[in-house]
Amino acid sequence: MKLKPFQLELYFAKYEFTCPHMLCASDCESLSIEELLVLSGTSPQTFLQSRLGYTDSQGDPALREMIAADVPGVTAEEVVFLSAPEEGIYIALNALLSTGDHVIVLSPIYESLLNLAEQITGNVSLWPFHMKDGRWTLDEDELYALATPKTKCLILNFPHNPTGFLPDPAQFSRILEWAASRGIRVFSDEMYRGLELNGRNRLPSAVELNDQALVLSGLSKTYGLPGLRAGWLIVKDAALRAEILNWKLYTSICAAKPGEVLTLAALQCKEVLAQRNRELITRNIAGAAPFFKRWDSLFTWIPPQAGSVALVETKQPSAQAFCEQLAQAGFLLLPSSYMNFGDQHVRFGFGRQAFLTNLQALDDYLKAHY
Ligand SMILES: Cc1ncc(COP(=O)(O)O)c(C=O)c1O
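What counts and how
- Residues numbered from 1 in each chain as written.
- Predicted model: local features only at pLDDT ≥ 70, side-chain atom pairs only at ≥ 80, totals over all residues.
- Heavy atoms only, no water.
- Axes fitted to C-alpha atoms, helices over the stretch in contact; angles between N-to-C directions.
- Helix = DSSP H or I, 4+ residues; strand = E, 2+ residues; numbered from the N terminus.
- Parallel < 35°, antiparallel > 145°, perpendicular 65-115°, else oblique.
- Contact = heavy atoms within 4.5 Å.
- Nonpolar A, V, L, I, M, F, W, Y, C, P; charged D, E, K, R; others polar.
- Buried < 20%, exposed > 50% of the residue type's maximum accessible area, 1.4 Å probe, protein only.
- Pairing = 2+ DSSP bridges.
- Right-handed = clockwise from strand over helix to strand, strands pointing away.
- Phe/Tyr/Trp six-rings, centres within 6.5 Å; stacked < 30°, edge-to-face > 60°.
- Near = heavy atom within 4 Å.
- Polar contact = N/O pair within 3.5 Å; in protein donor to acceptor, adjacent residues only side chain to side chain.
- Areas by Shrake-Rupley, 256 points an atom, 1.4 Å probe, with all protein chains shown as cover.
- 1 Å grid on protein atoms, 1.4 Å probe; cavity = no way out; pocket = protein on both sides within 12 Å on 5 of 7 lines; lining within 4 Å.
- Sits in = over half its atoms within 2 Å of the grid points.
- Salt bridge = Lys/Arg side-chain N within 4 Å of Asp/Glu carboxyl O.

1. Comments concerning the packing of helix α12 (residues 270–294) against helix α14 (residues 355–369)
Interhelical geometry of α12 versus α14 gives an angle of 10° and a closest axis separation of 10 Å. Taken together, the axes of α12 and α14 lie roughly parallel to each other. Contacts from R283, N284, G287, A288, F291 and R294 in α12 reach F355, L356, L359, L362, D363, L366 and K367 in α14. Here the residues of the contact of α12 with α14 sort into 7 nonpolar, 2 polar and 4 charged.

2. Topic: the pairing of strand β8 (residues 185–189)
Judged by how many residues are buried, β8 sits mostly within the fold: 5 of 5 residues are covered. What you see with β8 is no split at all: R185, F187 and D189 on one side and V186 and S188 on the other are buried throughout. One ladder, built from 5 bridges, connects strand β7 (residues 151–157) with β8; its direction is parallel. Bridged to N157 within β8 is D189. The parallel pair β7 and β8 is bridged by helix α8 (residues 169–181), and the resulting crossover is right-handed. Both β8 and strand β9 (residues 214–218) contribute to a ladder of 3 bridges, which runs parallel. Bridging from a neighbouring strand, F187 pairs with L214 of β9.

3. A look at the packing of aromatic side chains
Within this structure, the stated rule accounts for 21 aromatic pairs. Here the aromatic rings of F292 and F348 are separated by 5.0 Å at their centres, their planes lie at 80°, and the arrangement is edge-to-face. One end of the pair, F292, is in helix α12; the other, F348, is in strand β15 (residues 345–349), and 56 residues separate them in sequence. We classify F292 as buried; its relative accessible area is 2%. Among the aromatic residues, those joined into a cluster by ring pairs are F291, F292, F299, W301, F322, F348, F350, F355 and Y370.

4. A short note on the site of the ligand
Close to the ligand lie 13 residues, the nearest being N161, D189, Y192, S220 and K221. D189 is positioned such that a nitrogen or oxygen atom in its side chain is 2.5 Å from a nitrogen atom of the ligand. Between the ligand and R229 there is a distance of 2.8 Å, counted from an oxygen atom to a side-chain nitrogen or oxygen. Surface burial for the ligand is 94%, taken as the share of its 390 Å² of free accessible area covered by protein chains. Taking a 2 Å distance to the grid points as the criterion, the majority of the atoms of the ligand fall inside the largest pocket. Split by residue class, the shell around the ligand holds 5 nonpolar, 4 polar and 4 charged.

5. Overview of the pattern of salt bridges
Applying the stated criterion across every chain yields a total of 15 salt bridges. With a shortest N-O distance of 2.8 Å, E140 and R174 are connected by a salt bridge. Of this pair, E140 sits in helix α7 (residues 140–146) while R174 sits in helix α8, and the two are 34 residues apart along the sequence. Residue class for E140 comes out buried when judged on its relative accessible area of 13%.

6. Here's the deal with the pairing of strand β2 (residues 79–82)
Where a strand is regular, its side chains alternate between the two sheet faces. In β2, alternate side chains face the same way, and those of V79 and F81 on one face and V80 and L82 on the other are all buried. In this structure, β2 lies alongside strand β10 (residues 231–235), joined through 4 bridges in antiparallel fashion. What sits directly across from V80, in β10, is L233.

As structure tokens, this is what we get:
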């Protein structure tokens, strides 16, 4: 099996750890193991004395209990703990889809959600975001017109990476009800749930509205713990869950013990972590506004409604060429071409502590060169 190059991650692999001024991260500010243990009230001994044997393939039952307790109507049995959120995308789409199934995918979207659906089925339609009155919007009629008798799955991601779009609860319910009425499975990527910036407007998890939905969640974004690689799927359908667990035996078998212990700790202080990150993002977005006003010759600022990122239009002829040039100068922005969405937009990420310092450095660079 030959997979398409994962362009976005290849771009990050090239620049993420060498570019001094990160401006497009989708994750939030991280913390040390020590800080996490202190914040959660976990004794270092608990971590140090955990035994490094194989773990339960579906995930530690106590951990799954905690995850399930957060989503009304979900039981620990319905949770599959992963070795990484990315693993969940891979095994769930492989378990769910076959050649010839039709899949509808939001566009733009995190690249593996599109590429894997395309790779497995060869039959994908894109449901595109549009810019209307200075805001990203989705046209539901456009979605309904894309469905065919072969449509097996609709891939959603709200709060959305990269636009920062969040539907209102009524729109989200309508989409899920429509999918249920057509027998279409929803794969709902909820990695950024909890980053609703005003602290309100949080959508229910898709699985609360549609018991056929599959939900992906984890600690990388909202909770600022991407190095923990903690993620999970919620799947109510027992037969599909068994298929997914079988796929997992071919990818990682089970999660790493240190990760499970630290995930338990993180879940004990998750609200503190999320609140910290919401405050940081709100501060950074407010601090970025004057920059975008000053540089309206280069960017059209489109503030996000939720999540840690925004997709901003650039007036440069090619976003990709512009980002490559900036990367050579030490500033990392992500062009929309790596999200299969033309070449006129760039992603900014607001979840990092150093964002405003890095933006100031970009401002100085632009003053000298534009
Ligand atoms: C929407 C979305 N889903 C899934 C992932 C994968 O998460 P992780 O890198 O923690 O595996 C990402 C990462 O950027 C993402 O943006």
